[in-house]
Structures are given as structure tokens and as C-alpha cells.
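Here are the chains, one letter per residue:
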Amino acid sequence: MRTTRISTNKFRAYQRKDIDSIPQIQSLSADDRLAMKAVSAVLPFRVNKYVVEQLIRWDRVPDDPLYQLTFPQREMLAPEDFSAIVELVRAEASETEISAQAREIQLRMNPHPAGQLELNVPSLDGEVLAGVQHKYRETVLFFPSQGQTCHAYCTYCFRWPQFVGLDELKFASREVENLVAYLKLHREVSSVLFTGGDPLIMKTAVLRRYIEPLLGPGLEHLTSIRLGTKATAYWPQRFVTDVDADDLMRLFEEVRQAGKALALMSHYSHPRELETPAAQAALQRIQATGSVVRCQAPLIRRVNDSAAIWSDMWRLQVQLGAVPYYMFVERDTGPKRYFEVPLARATEIFREAYALVSGLARTVRGPSMSATPGKVKLVGTTEVRGEKVFVLTFEQGRDPAWVGRPFFARFDPQATWLDQLEPAFGEQEFFFAQEMRTIKQQGRHRPWGETVPPRRKPVLFGHVEWD
Ligand SMILES: *Cc1c(COP(=O)(O)O)cnc(C)c1O
Ligand code: SF4
């Protein structure tokens, strides 16, 4: 193995107002730069020096996948929306005018897909628990208020309303005490998943204030803590050379010493994100703490819509000791038209890529849609008695009884999301439709009720002394 020197550049972000100061942008035409300024008034834009210098291949712009992943493009907006906003920018309209126009466009881009706001927010003592979502019985999502941004933004991100200030609610919480109180009452929960934004945008000292309370007594049923992050791809220095990187590694070790698993749910969209010295050093350091890195990303046209990209990525993840986990279908929000891949194509790409890797990489599941009823996996397409169908199943269900039940939809080569599918065999509706209506009517966020499924209490040894 080679030894490589990694420069310890300080983190530097570029946002909309800094577009002209990105040196690499100067090679674009004035028209393209104007388009970029216009689109980034509507969709969130933020990159950093590492992404610009080490991930994007500027000689391949605009087709470069990492450029498409992070830089706004005019086709991301509907043509009439683009003209409206670019005219304002060209005419040097005031920021107030530009943002008013931008807001109008944003509100038409389905900012809250999959019933995120209404259905998943739990309560404690009759009060809504802000910053927490509890959709699946086993896992609680937590949105720490100080983790609501990222080291760079993905152009397709479904969290974009948070970044453009559209969410009054912002799913934010300063109240880790509330989370702990809720978890103590909910012994069915075995996993807390920190998400955002990116929780690793927080300084270690801040993150510690959120994580340490989860390690204390009364939460033995909580067996894993997960951090959903893109930092391993967009700013791997977070784990290696940032001033508090060592302290972060100690925090990860403490979680393991407290008898819980720590998993980084790392968002990797393209193998190139794993092919820098910093990215590989980050993985080594994280793994040395006993934490596991599990990898997931959506399938995105122009970024990773080929079987070769996914199989290369899964193989490299396994080689680097990480675990392929989910391939998602792009959600029905924001610039979906620009990025979407039909379900029929998605399942082909998945299957082709899956066939190219060894069993060690076949921990990956997908393509999976995080839809209102649950995470629905597209198993594939087949023909049953002359009817071409999609075979689907729930990886996660709002009602755990739905999980693992295969069901069938009429094949539709154009469909890109669950709500565009019709049941196969002339049936009126899918098997979960009736219960889903009840859940919506009652606004219930926990259709599984109050019962805790029986679970064997394991025998754990914290520290073993050897003679
Ligand atoms: C994906 C997801 C989870 C975690 O699901 P796993 O299958 O356990 O990774 C939890 N809550 C919500 C709302 C999710 O979308
Ligand atoms: S890193 Fe995740 S949360 Fe942040 S912009 Fe990308 S997809 Fe969205």
C-alpha cells in the first residue's frame, strides 16, 4: 500500500453569493453562471473546497456526475419557472423580489413528500415532540437542531425545505431530554437515527451532548445509535484532521463501551467519493473505533444511473470494510423530473449490478421507495398468467405486519413512484390501502399500538479481564 500525504485544508464552503469566487467556475460561459445564480435562488446550493477540488472532474463538466450532484442546472426548474427567475437575476432585481419569486416556485415543488409533517410526529404527555419522527416501530429519527445543514448540498435533496428556510417547523429540537423521556416510555424502540441535514456538521462537543444521555440507565432496550451522514463523502477530514476529530473517535468508542452499536449511515452516491486519500483514511479511523459504516444513496439520473457505477461502488465499499445497505428511488420532491429514473429501469440497474458482485456486497437492498405507507422495495418484474407485473414488498411498514408481504402492481414502463402504480390482476386496491386510510383519518403515528414485542434479554460482557 502506498503512503499518501493528505493536506489538512481548513473547511471552506461556497454558497450562492460566492459563485463568482469559485476559480473553476470561470471556465463556464457567462450564461451558464447566470443560470446557476438563478437556480440557486430556488434550490439550496452549497459546496466546499474539497468537493470542488478533489471530487469534481472539471474537464468533464457539465456531464460530470459529481458536478451534477452538487451544482444547480437550469433544467432542474420547469422552463417557465426558470425564465421567470433568470429574468429577475439578469435584470439585477432586488433580493426581496428574487426570493419572493423563488418562494412561489418552491411551494409548487412538493416540499413535504411522504406525509413527513403530519403523520410521524410523536407526542409526550400530550405535547407534540418537535425534532422527532417515529414512523417505524423499531427506529426513532432525531433531528438535532444544530445539525440542520450539510458540508455540501445534493441538488436532488428532499430535505431542501429545511435549507431554504421553508420549514417553519424545521423538525428541530433542543430537547434531548424529551427524546430520552420518550425512549424510556417506548421500549419497542431499539435504534435512534440522528439525521438532519447532517448531524456530523456539529462539533464533537455538541454532538456529545446529544449522544451521551442515550448511553445512561433505563435505555437498555436501545441497542444501536446511527448517524445519517454525508460527511464521509463531502468532508472526510471531519474524522481525520478536523481539530475535534480525535474527540469524535473517542465518542464513537464510548458508545461501543456502553454496549451499543454505532453505525454511520453513510451517503455515497458515486465510487469516486470513496477514491480519495481522505475518504479512505476516514473509513479506517471510523472502523478502528468499532463502528460500522453502512452505505446508502438514491439512484439518480446523470449521477449514478448505471449498473457499472453501483457494482463498482458496492465492491469498493466491501473492500474498504463498509457495508452496502440501501439503494433508494429518488423521492417525489424538488427537481424530481430532472433526476428521475423510471421504476422499470431502476429495477434493471439494481439487478444487473447485484449480479456483478459477490455475496459480501449483497447486503444491499433496493430499489426502495420511502413512501407514505413505508419503505417499499421493488423486487422485480415478471409475468403472471400473461399479465406483466411489478413485484413489490415492504422493507419497513407503518404497520410492521405489512413487512415482507409480496404484492403486485401492473407493469408501467413510465411509473416513477408508488402512487403511480395500480394493483395487478384487476384488484381494486393494494392490501394496505384500507388500513392506510384509517391511519390517515385518525392521524395515528403509531398504528402498532402500545405493545412491546417480546425480546430476549442478551447476556453482555462489557470489560473482560484475562489471567
Ligand atoms: C429509513 C427510515 C428508517 C430506518 O429504516 P431501516 O430500514 O431500519 O434502516 C427509520 N425511519 C424512517 C422514517 C425512515 O425513512
Ligand atoms: S447530504 Fe443528505 S441531507 Fe445533505 S443535501 Fe445531501 S441528501 Fe440532503
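These numbers come from a predicted model, not from an experiment.

How each quantity is defined
- Residues numbered from 1 in each chain as written.
- Chains lettered and ligands numbered in written order.
- Predicted model: local features only at pLDDT ≥ 70, side-chain atom pairs only at ≥ 80, totals over all residues.
- Heavy atoms only, no water.
- Helix = DSSP H or I, 4+ residues; strand = E, 2+ residues; numbered from the N terminus.
- Areas by Shrake-Rupley, 256 points an atom, 1.4 Å probe, with all protein chains shown as cover.
- Lys, Arg positive; Asp, Glu negative; His and termini not counted.
- Charge placed at Lys NZ, Arg CZ, Asp CG, Glu CD.
- Polar contact = N/O pair within 3.5 Å; in protein donor to acceptor, adjacent residues only side chain to side chain.
- Contact = heavy atoms within 4.5 Å.
- Salt bridge = Lys/Arg side-chain N within 4 Å of Asp/Glu carboxyl O.
- Buried < 20%, exposed > 50% of the residue type's maximum accessible area, 1.4 Å probe, protein only.
- Near = heavy atom within 4 Å.
- Nonpolar A, V, L, I, M, F, W, Y, C, P; charged D, E, K, R; others polar.
- Arc of directions from axis to C-beta.
- Domains from an automatic or database assignment.
- Buried area = accessible area lost by both parts, 1.4 Å probe.
- Pairing = 2+ DSSP bridges.
- Axes fitted to C-alpha atoms, helices over the stretch in contact; angles between N-to-C directions.

Undergrad: An account of the overall build of the chain is needed here, citing residue identities and associated values.
TA: From N to C terminus, the chain includes 16 helices and 15 strands. Structurally, the chain occupies a C-alpha span of about 65 × 65 × 50 Å along its principal axes. Accessible area for the chain stands at about 21300 Å²; split by element, carbon and sulfur atoms hold 50% of it. A distance of 4 Å separates the average location of the 59 positive side-chain charges in the chain from that of its 56 negative side-chain charges.

Undergrad: Describe the side chain of Asn 48, with residues and values.
TA: Here Asn 48 lies in strand β2 (residues 46-48). Among the polar contacts made by the side chain of Asn 48, one reaches the main-chain amide nitrogen of Val 51 at a distance of 3.0 Å. Among the polar contacts listed, one links the side chain of Asn 48 to the backbone oxygen of Tyr 234, at a separation of 3.1 Å. Setting aside its immediate chain neighbours within four residues, Asn 48 contacts Phe 11, Arg 12, Ala 13, Tyr 14, His 151, Ala 152, Tyr 234 and Trp 235.

Undergrad: Describe the pattern of salt bridges, listing the residues and the values that go with them.
TA: Considering all chains together, one arrives at 26 salt bridges under this definition. Between Glu 395 and Arg 365 there is a salt bridge, with the nearest N and O atoms lying 3.1 Å from each other. A residue pair is termed long-range when its members are at least 10 positions apart, and Glu 395 in strand β14 (residues 387-397) and Arg 365 in strand β12 (residues 365-370) qualify at 30 residues. On the basis of relative accessibility, which here comes to 14%, the residue Glu 395 falls in the buried class. A salt bridge links Glu 395 to Lys 377; its shortest N-O distance comes to 3.3 Å.

Undergrad: Run through the site of ligand 1, naming residues and quoting values.
TA: Around ligand 1 sit Lys 135, Tyr 136, Thr 139, Leu 141, Arg 226, Tyr 325, Tyr 326, Lys 375 and Gln 396, and those are all the residues in its vicinity. For ligand 1, an oxygen atom lies 2.8 Å from a polar atom in the side chain of Tyr 325. Within the side chain of Tyr 326, a nitrogen or oxygen atom sits 2.8 Å from an oxygen atom of ligand 1. Taking 380 Å² as the accessible area of ligand 1 by itself, protein coverage stands at 87%. When contributions to the shell around ligand 1 are tallied by element, the ones reaching two or more residues are β5 (132-136), β6 (139-142) and β11 (323-329). Grouping the constituent residues of the shell around ligand 1 by class yields four nonpolar, two polar and three charged.

Undergrad: Any chance you could break down helix α16 (residues 433-442) for me, citing the residues and the numbers?
TA: Restricting attention to buried positions, one finds in α16 the residues Ala 433, Met 436 and Ile 439. Taken down its axis, α16 places every buried residue within 120° of arc, on the same side. Opposite the packed face of α16, turned more than 90 degrees from it, sit the exposed residues Gln 441 and Gln 442. Where α16 terminates, the next one or two residues include Gly 443, which has phi positive at roughly 60°.

Undergrad: Just give me the short version of the domain arrangement of the chain, but keep the residues and values in it.
TA: One can read the domain layout of the chain as domain 1 (20-107) and domain 2 (116-442). Between domain 1 and domain 2, the C-alpha centre-to-centre distance is 27 Å. Between domain 1 and domain 2, the buried area comes to about 2500 Å², and carbon and sulfur atoms account for 63% of it. Counting the surface domain 1 buries against domain 2, the share from its top three residues, Arg 46, Tyr 50 and Leu 69, is 30%. Joining domain 1 to domain 2, the criterion identifies one salt bridge. For the pair domain 1 and domain 2, the number of links is ten residue pairs in polar contact (both at pLDDT 80 or more). Elements supplying a minimum of two residues to the side of domain 1 that touches domain 2: β2, α2 (49-55), α3 (65-70) and α5 (95-107). Here the side of domain 1 that touches domain 2 takes five residues from α3, the largest share from any one element. When its residues are assigned to classes, the side of domain 1 that touches domain 2 shows 16 nonpolar, six polar and seven charged.

Undergrad: Explain the sheet that holds strand β15 (residues 407-410) to me, and be specific about the residues and the numbers.
TA: Read across the open sheet, the eleven strands follow the order β5-β6-β7-β8-β9-β10-β11-β12-β13-β14-β15; overall the sheet is mixed. Two strands in the sheet have a free side with no partner beyond their single neighbour: β5 and β15. Averaged over all pairs of adjacent strands, the angle between strand axes in this sheet comes to 30°, irrespective of strand direction. Set on the sheet, helix α8 (residues 176-185) makes contact with β5, β6 and β7 (191-194); between it and β6 the angle comes to about 175°. Here helix α15 (residues 343-355) sits on the sheet and contacts β10 (292-299), β11, β12, β13 (374-384) and β14; the angle it forms with β12, its principal contact strand, is near 150°.

Undergrad: So what about the pairing of β5? Which residues, and what values?
TA: For β5, a buried count of five out of five residues is recorded, marking the element as mostly surrounded by other parts of the structure. Two strands pair when backbone bridges link them, and β5 and β6 are joined in this way by three bridges, in the antiparallel orientation. Looking across to β6, one finds that Tyr 136 is bridged to Thr 139. Once β5 ends, the chain turns through two residues before running back antiparallel as β6.

Undergrad: Outline helix α9 (residues 204-211), supporting the account with residue identities and numerical values.
TA: Counting buried positions along α9 gives six out of eight residues, so the element sits mostly inside the fold. Inspection of α9 places Thr 204, Val 206, Leu 207, Arg 208, Tyr 210 and Ile 211 among the buried residues, and these make up the whole buried set. Lining the buried residues of α9 we find β6, α8, β7, β8 (224-229) and α11 (245-257).

Undergrad: Describe unusual backbone geometry, listing the residues and the values that go with them.
TA: Residue Gly 196 is joined to Gly 197 through a cis peptide bond whose omega torsion reads 15°. Positive phi values are uncommon outside glycine, yet Glu 92 reaches one of about 50°. For Glu 92, the location among the structural elements is in the loop between α4 (79-90) and α5. For Glu 92, a relative accessible area of 70% corresponds to the exposed category. A positive phi angle, close to 50°, is found at Asp 125, a residue other than glycine.

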